[in-house]
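Read off the chains here:
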Amino acid sequence: GGHEATYLVGKGFIDPKSMVAFGSYEVAILVPKGNPGKIEEPADLLNPEVKLISFSPPDLTAASHAARQSLRNLGLWDKIKPKVKVTGCCNESFQWVVDRRAEANVQFVGCPMDTKSVDLSKQKAEIACILPRGSYYIPRNVVGILRTSKHRRLAEEFVAFLTSPEMLESLAKIKLRNDQGLPLKPGPWG
């Protein structure tokens, strides 16, 4: 993810000039099947039925980072913060909704629930709503080269291969998402 790659740039691991972005994602509020928190829009996270909202670490994961940014911009973050439980990773925070330990969770649309090819009626979680576009940065897939790479030329070839039109088309067929409607072509991150 772009947020994770930017974090690694800040730590000095990735050459920022080598970064290329592709694909894009929307952020959703996921709920246990049946929506016990009665969430239909982001403000419903304030409902008294919503006791716990599971998040992966927002400083480290793109989906939670974007969700926190959105909720701040919507004026909700400080109000819901007492309900937020930060877990270990995205899959773990999603599991809290599946196990009904949380009434809400934030994830990218389609991740971890495959909304393109799975019968969602058989899932133990569902999408309650999508966070409003424009309330958060656009999460994207990003590739970049490590500063310590001993094979820079090969790394550059791999980045070119991964972001080639043919590969992007192939990735789109196997679930690379482009929910924000950005062109499926390489572009600068930011």
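A few points on the structure. (Residues numbered from 1 in each chain as written. Predicted model: local features only at pLDDT ≥ 70, side-chain atom pairs only at ≥ 80, totals over all residues. Heavy atoms only, no water.)

**A closer look at the packing of aromatic side chains**
Short version of the rule: The criterion for an aromatic pair is that two Phe, Tyr or Trp rings (for Trp, the six-membered ring) have centres within 6.5 Å, with stacked assigned to planes under 30 degrees apart, edge-to-face to planes over 60 apart and tilted to the rest. Counting from the N terminus, the helices are the DSSP runs of H or I reaching at least four residues and the strands are the DSSP runs of E reaching at least two. For every residue, the accessible area obtained with a 1.4 Å probe (protein chains only) is divided by the maximum for its type, and the residue is called buried under 20%, exposed over 50%, and partly exposed between those limits. Two thresholds decide whether a charge sits over a ring: the Lys NZ or Arg CZ must be within 6 Å of the ring centre and within 35 degrees of the ring normal.
Counted according to the given criterion, the structure contains 2 aromatic pairs. Arranged with centres 4.8 Å apart and planes meeting at 25 degrees, the rings of Tyr25 and Phe108 form a pair that is stacked. In this pair, Tyr25 sits in the loop between β1 (20-22) and β2 (27-32) while Phe108 sits in strand β5 (residues 104-108), placing the two residues 83 residues apart along the sequence. In this structure, Tyr25 and Phe108 share a single accessibility class: buried. When the centroid spacing of 5.4 Å and the interplanar angle of 65 degrees are considered together, the rings of Phe55 and Trp77 count as edge-to-face. Of this pair, Phe55 sits in strand β3 (residues 53-55) while Trp77 is found in helix α3 (residues 77-80), placing the two residues 22 residues apart along the sequence. Taken individually, Phe55 and Trp77 each receive the classification buried, so the pair is uniform in this respect. Just above the ring of Trp96 sits the side chain of Arg101; from NZ or CZ to the centre is 4.3 Å.

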